[in-house]
Every structure is written in structure tokens, then in C-alpha cells.
Amino acid sequence: MLEYFDTEIGKLHKDWDYSELENYFELITYGFTNPMPDSDEGPYKITTKDIQGGKIQYSTARKTTVEAYENLITDKSRPVPNDILITKDGSIGRLAIVDNRKICISQSVAVIRPNSKIITLYLKYLLESPKYQQIISRDATGTVMKHIYITKINKMKIGVPDLKVQESIVEVINSIQIKIDLLNRQNQTLSLIHISEPT
């Protein structure tokens, strides 16, 4: 009996599910289209430019008023913790996980709310992988500015093992990521030391 089967993303173990992403989320939608006022204080307005390096970059994000956040947009523009954000206009395919800060998203950003069959971090790592980034790029439209429809995203087929295996995969990737981050910090420190040395 064959232990693996062939898919678009490569060989998968026979015990893994290979089906459309829409089977693994409770919600997929995108953010507000109407103008939102700027404010010095209040919830963050997240656009494509504010999602970099796998995280929400709050240092670049503008804010809006609490009143606008509560009255000018619907729940679809107000992600909750553990939702996944994915950029769909311009620099497509960047991902981040929502933390406990209050945010709203523009129409250039889609939100995916995973269901109980998939670990959020597993899905994020999966969609960040080179194979899925190629699929996202392939399915995009536009020449000057790239765009991918959420109807394309939710029909992408993904390979998903049981939750215990997902946890093991996430643990391994996290371990590798910690080492990469440590090396990057060490390199930055060495660069600063080199710059500060007298010539």
C-alpha cells in the first residue's frame, strides 16, 4: 500500500488531508473600503505596508478614532486575536497573526479565521512557504499592481495532518526561527561594533 500520494505541492502522507483551504476556516473576508479618519490615539489601521517580516509593524501603522472604529466599519474589518492577516493588493502574500491590540484592516488586507481543525501558526507557516507563495503569485491578477481575490485564496488546496503532527511541525519551525532571529541579532550587533570602531 502506498504511504504517499502526489499533489500540486508535492508528496503527502496518505494520512494527511488534501483539500481546499475553505474547509479550515470560519471566516475569510477583507477590510474597510470607506475612508477612515486619522488620529493620534486609537485603534491601528493596518494596510499592506504594515505587514512585513511575518508580523504587524505597528511602527508604520496609522491610527483611527475609537468612534470611527466602532461606527464606520463592520466586524469583518475588525480582526480578533489569532486571526491571520494576508496582504492581497500590491505586495501580495505577506502574513501576520493578530495579537491582543485593537486593529482594523483596509481592503488591501484579507483576514482568515482558522477553525478548530488547524493550528493558526501551522497555517501561517504553510502559506509562507515558497510553494504556496508561488501559487499565490500565480493566481494573482494585474500588471502594474498585483491583486489576488479571496475566492482564489479559499480554493487553494492545502496539506493538513492531524493536530498532534501540526503541533510537532510548528515546534520544529519555531525552534529554527528562534535560531535565525538570534543569528540576525548577533549580526546586527557585530555590524554596530564594526561601525563604531575607530579607523
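In this report, the structure presented in the accompanying data block is examined. Remember, it's a predicted structure, so these values are computed and weren't measured experimentally. The residue numbers shown here count from 1 along each chain, following its written sequence. Since the coordinates come from a predicted model, pLDDT governs what is reported: local features require at least 70, and pairs of side-chain atoms require 80 or more to be given and counted, while whole-chain, interface and lining totals use all residues. Computation of side-chain values covers all heavy atoms of the structure but excludes hydrogens and water.

**Remarks on the overall build of the protein**
So the rule is basically this: Put simply, DSSP H or I for four residues or longer makes a helix, DSSP E for two residues or longer makes a strand, and each gets a number counted from the N terminus. For each residue, the accessible area found with a 1.4 Å probe, counting protein chains only, is set against the maximum for its type, and the residue is called buried under 20%, exposed over 50%, and partly exposed in between. Contacts between residues were defined by any pair of non-hydrogen atoms, one from each residue, lying within 4.5 Å. The protein chains shown are the only cover counted for residues, whose accessible areas, like all others here, come from Shrake-Rupley with a 1.4 Å probe. Charge counting follows a simple rule: Lys and Arg are positive, Asp and Glu are negative, and His as well as the terminal groups are ignored. To locate a charge, the coordinates of NZ of Lys, CZ of Arg, CG of Asp or CD of Glu are taken.
Helix and strand counts for the protein stand at five helices and 13 strands. Within the protein, buried positions represent 39% of all 199 residues. In the protein, 69% of the contacts between residues at least 6 apart in sequence involve partners at least 24 apart. Accessible surface for the protein amounts to roughly 11,700 Å². Of this, 54% is attributable to carbon and sulfur atoms. Across the protein, 25 positive and 25 negative side-chain charges occur, with their mean positions spaced 3 Å apart.

**A few points about the environment of Tyr30**
In this structure, Tyr30 sits in strand E4 (residues 25-30). Taking the C-alpha atoms as reference points, Tyr30 and Ile56, 26 residues apart in sequence, are found 16 Å from one another. Not counting residues within four places of it along the chain, the set of residues in contact with Tyr30 comprises Lys76, Ser77, Lys88, Ile105, Gln107, Val109, Ala110 and Ile150.

**Looking at the pattern of salt bridges**
Opposite charge on two side chains makes pairing possible when the charged atoms of those side chains draw close. Stated formally: Salt bridge, as applied in this entry: a Lys or Arg side-chain nitrogen positioned within 4 Å of an Asp or Glu carboxyl oxygen.
Counted by the stated rule, this structure contains 14 salt bridges. Across the pair Glu8 and Arg138 runs a salt bridge, and its minimum N-O distance is 2.4 Å. Separated by 130 residues along the polypeptide, Glu8 in the loop between strand E1 (4-7) and strand E2 (10-13) and Arg138 in helix H3 (residues 130-139) bring together distant segments of the chain. The class of Glu8 is partly exposed, set by a relative accessible area of 41%. In this structure, Asp99 and Arg101 form a salt bridge, with 3.2 Å as the shortest nitrogen-oxygen distance.

**Examining the packing of aromatic side chains**
Just so we agree on the cut-off: Side-chain rings of Phe, Tyr and Trp (the six-membered ring for Trp) are treated as a pair once their centres are within 6.5 Å; stacked means planes under 30 degrees apart, edge-to-face means over 60, and tilted covers the remaining angles. Should the NZ of a Lys or the CZ of an Arg lie within 6 Å of a ring centre and within 35 degrees of the ring normal, that charge is described as sitting over the ring.
Going through the model one piece at a time under the given rule, you end up with two aromatic pairs. Sitting over the face of the ring of Tyr30, Lys76 holds its NZ or CZ atom 4.4 Å from the ring centroid. Over the ring of Tyr30 we find Lys88, and its NZ or CZ is 4.7 Å from the ring centre.

**Quick word on the nonpolar core**
To be explicit about the condition: Only buried residues count toward a nonpolar core, which is a set of Ala, Val, Leu, Ile, Met, Phe, Trp, Tyr and Cys residues joined through side-chain atoms within 4.5 Å.
If you look at the biggest cluster of nonpolar residues, it comprises 29 residues, and the most contacted ones within it are Leu21, Ile112, Leu123, Tyr132, Ile153, Met156 and Ile158. Of all the secondary-structure elements, those providing two or more residues to this core are E4, strand E9 (84-87), strand E12 (109-114), helix H2 (120-128), H3, helix H4 (150-153) and strand E13 (157-160). Of all hydrophobic cores here, the second largest spans 13 residues; its members include Ile51, Ile56, Tyr58 and Val111.

**Quick notes on H3**
Where we set the bar: Directions are taken from the helix axis to each C-beta atom, and the arc is the one they span.
Listing the buried residues of H3 in full gives Tyr132, Ile135, Ile136 and Asp139. The arc enclosing the buried residues of H3, seen along the axis, measures out at 100 degrees, which places them on a common side. Residues of H3 that are exposed and point over 90 degrees away from its buried face: Pro130 and Arg138. Where H3 is buried, its residues meet E9, H2, H4 and E13.

**Considerations on the sheet that holds strand E5 (residues 39-46)**
Our working rule: Whether two strands pair depends on DSSP finding at least two bridges between them.
The strand order across the open sheet built from three strands is E8-E5-E11, with neighbouring strands paired in mixed fashion. One side of each edge strand has no neighbouring strand; the edge strands of this open sheet are strand E8 (62-63) and strand E11 (103-105). Bridge count for E5 against E8 is three bridges, and the pairing is antiparallel. Note on E8: the bridge partner recorded for Tyr44 is Lys63.

Such coordinate-based values are descriptive only and should not be taken to indicate function.
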